[in-house]
Amino acid sequence: MKPLALVTGVGPGTGAAIARRFADGGYRVAMLARDAGRLDALAAEIPESVAAPCDVSDPAALQAVVERIGPPKVVVHNAVGGAFGAFADIDPAVLERNFQVNVMALLHLARLTTPAMIAAGEGALIVTGNTSALRGRANFAGFAPTKAAQRILAESIARDLGPKGVHVAYLVIDAVIDLAWTRARYKDAPDDFFIRPADIAGEVFHLAHQPRTAWSFLSEVRPFRETW
């Protein structure tokens, strides 16, 4: 039987691209998101995939999904909760919600899925992040703290699981992802200003299959045109 990959945050961009890449790479893919209709449509396109509607901020729902689909060999936590605003303006409840999606869901996913990886002596947990995991800007007070905490949590998990044969990596996407709404927002930008979801997915797949003698934890991608 093909190995299983579990992917959270399967929307029309990066999440769907990751699901397709793992399916192309020989995996059955369990796709998690809140939009059941979108998941069903995508499952009809991807052979042997499973649509698993789920709010990742709900630990009981996550547990039910993992119990239903079985132990994955690879987990990709791509779900993201985001909000913009200065610290004096944001709704504290929004920040708390983003912690549930970005940080607590990662904790629960790791606790639910990595014991089987440890028992098998192999597996990977890949987390998709962005520049907010490394710095805090004035209008990112409702988002950056959660991504920074997510990165640190992932590193703590990596330090624990690496010696047990499970690879944990954090991918910083320092770029504007090529989506319909970003194209509308940056309508004058050239094509190579954007990072393509399929290319992000390729890097996620690569991280999940690195040789044990050269595992990465913190990896970063950006378009070549971007100035440093």
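Residues numbered from 1 in each chain as written. Predicted model: local features only at pLDDT ≥ 70, side-chain atom pairs only at ≥ 80, totals over all residues. Heavy atoms only, no water.

Chemist: Hey, could you go over the environment of Arg97 for me, with residue numbers and the actual values?
Modeler: Position of Arg97 among the secondary structure elements: in helix 4 (residues 92-120). For Arg97, a relative accessible area of 31% gives the class partly exposed. A sequence separation of 40 residues divides Arg97 from Ser57, and the C-alpha atoms of the two residues are 7.9 Å apart. With residues up to four places along the chain from it excluded, the contact list for Arg97 reads Arg34, Asp55 and Ser57. At a separation of 2.5 Å, a polar atom in the side chain of Arg97 contacts the side chain of Ser57. (Helix = DSSP H or I, 4+ residues; strand = E, 2+ residues; numbered from the N terminus. Buried < 20%, exposed > 50% of the residue type's maximum accessible area, 1.4 Å probe, protein only. Contact = heavy atoms within 4.5 Å. Polar contact = N/O pair within 3.5 Å; in protein donor to acceptor, adjacent residues only side chain to side chain.)

Chemist: Run through the sheet that holds strand 3 (residues 50-53), naming residues and quoting values.
Modeler: Ordered by their spatial adjacency, seven strands build an open sheet running 3-2-1-4-5-6-7, and the pairing between neighbours is parallel. Strand pairing shows two members of the sheet lacking a second neighbour, strand 3 and strand 7 (218-221), which therefore form its edges. With direction set aside, neighbouring strand axes in the sheet form an average angle of 20°. The sheet contact formed by strand 4 (residues 74-77) and strand 5 (residues 124-130) spans four bridges and is parallel. The residue of strand 5 that forms the bridge with Val76 is Ile126. Across the sheet, helix 1 (residues 14-24) touches strand 1 (4-8), strand 2 (28-33), strand 4 and strand 5, and the angle it forms with strand 2 is around 165°. Where helix 4 meets the sheet, it contacts strand 1, strand 4 and strand 5, and its direction lies at approximately 180° from that of strand 4. (Pairing = 2+ DSSP bridges. Axes fitted to C-alpha atoms, helices over the stretch in contact; angles between N-to-C directions.)

Chemist: Would you mind going over the packing of aromatic side chains in detail, with residue names and values included?
Modeler: For the structure shown, the criterion picks out seven aromatic pairs. Ring geometry for Tyr27 versus Phe205: centroids 6.3 Å apart, planes at 90°, classification edge-to-face. With Tyr27 in the loop between helix 1 and strand 2 and Phe205 in helix 7 (residues 197-208), this pair connects stretches of sequence that are 178 residues apart. A residue is classified by how much of its surface remains accessible, and Phe205, at 12% relative accessible area, is buried. For the pair Phe193 and Phe194, a centre-to-centre distance of 5.1 Å together with 85° between the ring planes defines the contact as edge-to-face. Under the relative-accessibility criterion, Phe193 is labelled partly exposed at 31%. (Phe/Tyr/Trp six-rings, centres within 6.5 Å; stacked < 30°, edge-to-face > 60°.)

Chemist: Explain the pattern of salt bridges to me, and be specific about the residues and the numbers.
Modeler: Side chains carrying opposite charge are able to pair once their charged atoms draw close together. One pass over the full model with this rule turns up eleven salt bridges. A salt bridge links Lys164 to Asp160; the nearest nitrogen and oxygen atoms lie 2.7 Å apart. Residue Asp178 is joined to Arg183 by a salt bridge in which the shortest nitrogen-to-oxygen separation is 2.8 Å. Among the charged side chains, a salt-bridge network with shared partners connects Asp174, Glu220 and Arg222. (Salt bridge = Lys/Arg side-chain N within 4 Å of Asp/Glu carboxyl O.)

Chemist: Residue-level account of unusual backbone geometry, with values.
Modeler: Leave glycine aside and you will find that most residues have negative phi; peptide bonds, for their part, are mostly trans. Even without a glycine there, the phi angle at Glu48 is positive, about 60°. Of the residues examined, Glu48 reaches a relative accessible area of 45% and is grouped as partly exposed.

Chemist: Any chance you could break down the side chain of Ser219 for me, citing the residues and the numbers?
Modeler: Note on placement: Ser219 falls in strand 7. The class of Ser219 is buried, set by a relative accessible area of 12%. Contacts of Ser219, omitting those with residues within four sequence positions, involve Tyr170, Leu171, Val172, Glu203 and Leu207.

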